[in-house]
Structures are given as structure tokens and as C-alpha cells.
Amino acid sequence: MEKSLTEILEICREKEKIVCYGAANFGLNVKDFLAMYNIQIEFYVVTEREENFMNKDGVRVFSLEEAKHKLNDCLILLSLAERYHMVIKKALSKYGNIFSFTRGECEYIFLFA
């Protein structure tokens, strides 16, 4: 379901916990973009976290296995290359409904618990 940027920002403001799935460049871009609107992310989630990769840019990083019990009532943003979206959406679909919007060349996926 396609939503406008204004609708997405309103939804972000309503959620207490916002999580980025992906902690590389896309994740930092999403974090910085939301920060322009005074919206902070709670933590990053990655499929598999290396043992020494505990935080990124001051934000905690968890593997999906570590985070699965922390995802209740979170807004999850997919912040990774499009080629991974289908696999990640399938893994996350058990947590809620998926919404998306496109800004420039990036597609942002939102999953509502």
C-alpha cells in the first residue's frame, strides 16, 4: 500500500519505537532523514550481527534473533538495498502489515505491529 511522505511522517510521530532493519548506508540515511523531523530510531536490526558490531552511529544494533522479542508495537523501516526487500518482508510479515513509499531512488518499507 503506497502512502505519502506526510502520512508516513505522521505515523512515525505516533509510534514510540521506530526500528531500522539495516545498519549500513541506507540505515544511516533513514536515521538522518528522520532526525531532520526530530524523529529518533530506537535501534537497528540486521539479519546476522557480527560479534563486535554492537552499535552504529551511537545507535544499538541487534540481530533479528536478538530483536524478535523487542519488535512488539514497533514501526520497522526497511533500510537496505531493494534486492533484499522480499526476503526481509517475508521474515517480518508475521509481525504486522507492510506499507511503503518511495522518496527519490529509495523505497521505504514500514511494518506496523
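Our structure is the block above this text.
What counts and what doesn't
- Residues numbered from 1 in each chain as written.
- Predicted model: local features only at pLDDT ≥ 70, side-chain atom pairs only at ≥ 80, totals over all residues.
- Heavy atoms only, no water.
- Core = buried A, V, L, I, M, F, W, Y, C linked by side-chain atoms within 4.5 Å.
- Buried < 20%, exposed > 50% of the residue type's maximum accessible area, 1.4 Å probe, protein only.
- Helix = DSSP H or I, 4+ residues; strand = E, 2+ residues; numbered from the N terminus.
- Contact = heavy atoms within 4.5 Å.
- Phe/Tyr/Trp six-rings, centres within 6.5 Å; stacked < 30°, edge-to-face > 60°.
- Lys NZ or Arg CZ within 6 Å of the ring centre and 35° of its normal.
- Salt bridge = Lys/Arg side-chain N within 4 Å of Asp/Glu carboxyl O.

Novice: Even after reading the chapter, I still don't get the nonpolar core, so can you show me in this structure?
Specialist: It is characteristic of soluble globular proteins that their nonpolar side chains tend to be buried jointly. Of all hydrophobic cores here, the largest spans 19 residues; its most connected members are Cys12, Ile18, Leu34, Ile41 and Tyr44. Of all the secondary-structure elements, those providing two or more residues to this core are α1 (5–14), β1 (17–21), α2 (25–35), β2 (43–46), β4 (59–63) and β5 (74–78). Apart from residues lying up to four places away in sequence, Tyr44 is in contact with Cys20, Gly22, Ala23, Gly27, Leu28, Lys31, Lys56, Val59, Arg60, Val61 and Phe62. Counting residues in each nonpolar core, the second largest holds 14 residues, with Val19, Tyr21, Ala67 and Leu71 among its members.

Novice: Looking at this structure, how should I read the packing of aromatic side chains?
Specialist: The geometry of an aromatic ring pair is captured by the separation of the ring centres together with the interplanar angle, meaning the angle of the planes. On inspection of all chains with the given rule, the structure shows two aromatic pairs. Centre to centre, the rings of Phe43 and Phe62 are 5.1 Å apart; their planes meet at 85°, and the pair counts as edge-to-face. Taken together, the residues Phe43 in strand β2 and Phe62 in strand β4 connect sequence positions 19 residues apart. For Phe62, a relative accessible area of 13% corresponds to the buried category. A cation over an aromatic ring shows up here: Lys70 above the ring of Phe62, its NZ or CZ 4.9 Å from the ring centre.

Novice: Sorry if this is basic, but what is going on with the side chain of Lys31 here?
Specialist: Following the sequence through the fold, Lys31 ends up in helix α2. According to the relative accessible area criterion, Lys31 is buried, its value standing at 17%. Here Lys31 is in contact with Ile41, Tyr44, Asp57 and Val59, once residues within four sequence places are set aside.

Novice: What is the right way to look at the pattern of salt bridges in this model?
Specialist: Once the charged atoms of two side chains with opposite charge are near each other, the side chains can pair. Within this structure, the stated rule accounts for one salt bridge. Among the ionic pairs, Lys31 bridges to Asp57, the shortest N-O distance being 2.9 Å. Placement of Lys31 in helix α2 and of Asp57 in the loop between β3 (55–56) and β4 is noted, with a sequence separation of 26 residues between them.

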